[in-house]
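# Remarks on the overall topology
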Amino acid sequence: ILILTFSIFFNAKIPNSLNQNSKQIYLNISLHLEGTPYSQVSSYIRYEQHINAINQFIIPIKNKNPDVKFNFELSHQFILQDILHGEIKYGPGNNFSKTKRNEGHSILIHADIGGQSESDEEYNYKLTRIIEDFEALLGEKPKGASGICGINNWIESLNENGIRYVTSLVEFCKKSIF
């Protein structure tokens, strides 16, 4: 599943002063890379299908504007798939995420955690697993996240784990802030 959200955001490379007469629009495109269900993570065919779906979306956009940058928001399942299958597709020491990061795109986590029924312990356990696997994939901790807030103490948890920005806020985020 590929989920697309459009947002005007940090990575849009907006110049310090905008030309008021310009018709240029600064748009950041965020893609949630959901991967497959955990039971199918080991399937190279499913990984290949997912990469093909991503490329069918991004290649026409990049062909029109080679300078466009995406936020690739990786689910835990996609992180695991990229760890397992990335080198097969992209060569030794490489994977989809490293390739896109080297092209200047943002790579962050899409955690899908923080629902109403999760305890702080369960939330922190899931977040720790995702961050550890992200670090195994890219050799660094994520700086940004989406799908990461809830009714628990998610802001403190993000700070403790080095997450510096969240790309969107949903109902649970608003409830916990206000």
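Below or above, wherever it landed, is the structure these notes cover. This structure is a prediction, so every number in the text was calculated from the model and none was measured.

### Description of the packing of helix H2 (residues 76-90) against helix H4 (residues 120-138)
Interhelical geometry of H2 versus H4 gives an angle of 30° and a closest axis separation of 9 Å. In terms of orientation, H2 and H4 fall into the roughly parallel class. Both H2 and H4 take part in a crossing whose hand is left-handed. For the pair formed by H2 and H4, the contact residues are His-76, Ile-79, Leu-80, Asp-82 and Ile-83 on the first element and Arg-129, Ile-130, Asp-133, Phe-134, Ala-136 and Leu-137 on the second. Tallied by class, the residues present in the contact of H2 with H4 amount to seven nonpolar, one polar and three charged.

### Looking at the packing of aromatic side chains
In this structure the tally under the stated criterion is six aromatic pairs. With a centroid separation of 6.2 Å and 45° between ring planes, the pair formed by Tyr-44 and Tyr-47 is classed as tilted. One end of the pair is Tyr-44 and the other is Tyr-47, both in helix H1 (residues 44-64) and three residues apart, which spans about a single turn. With relative accessibility at 0%, the residue Tyr-47 sits in the buried group. Put simply, the rings of Tyr-44, Tyr-47, Phe-70, Phe-72, Phe-78, Tyr-90 and Phe-96 pair up and form one aromatic cluster. Directly above the aromatic system of Tyr-90 lies the positively charged group of Lys-89, at a separation of 5.9 Å from the ring centroid.

What counts and how
Residues numbered from 1 in each chain as written. Predicted model: local features only at pLDDT ≥ 70, side-chain atom pairs only at ≥ 80, totals over all residues. Heavy atoms only, no water. Axes fitted to C-alpha atoms, helices over the stretch in contact; angles between N-to-C directions. Helix = DSSP H or I, 4+ residues; strand = E, 2+ residues; numbered from the N terminus. Parallel < 35°, antiparallel > 145°, perpendicular 65-115°, else oblique. Left-handed = near helix turned anticlockwise from the far one by under 90°. Contact = heavy atoms within 4.5 Å. Nonpolar A, V, L, I, M, F, W, Y, C, P; charged D, E, K, R; others polar. Phe/Tyr/Trp six-rings, centres within 6.5 Å; stacked < 30°, edge-to-face > 60°. Buried < 20%, exposed > 50% of the residue type's maximum accessible area, 1.4 Å probe, protein only. Lys NZ or Arg CZ within 6 Å of the ring centre and 35° of its normal.

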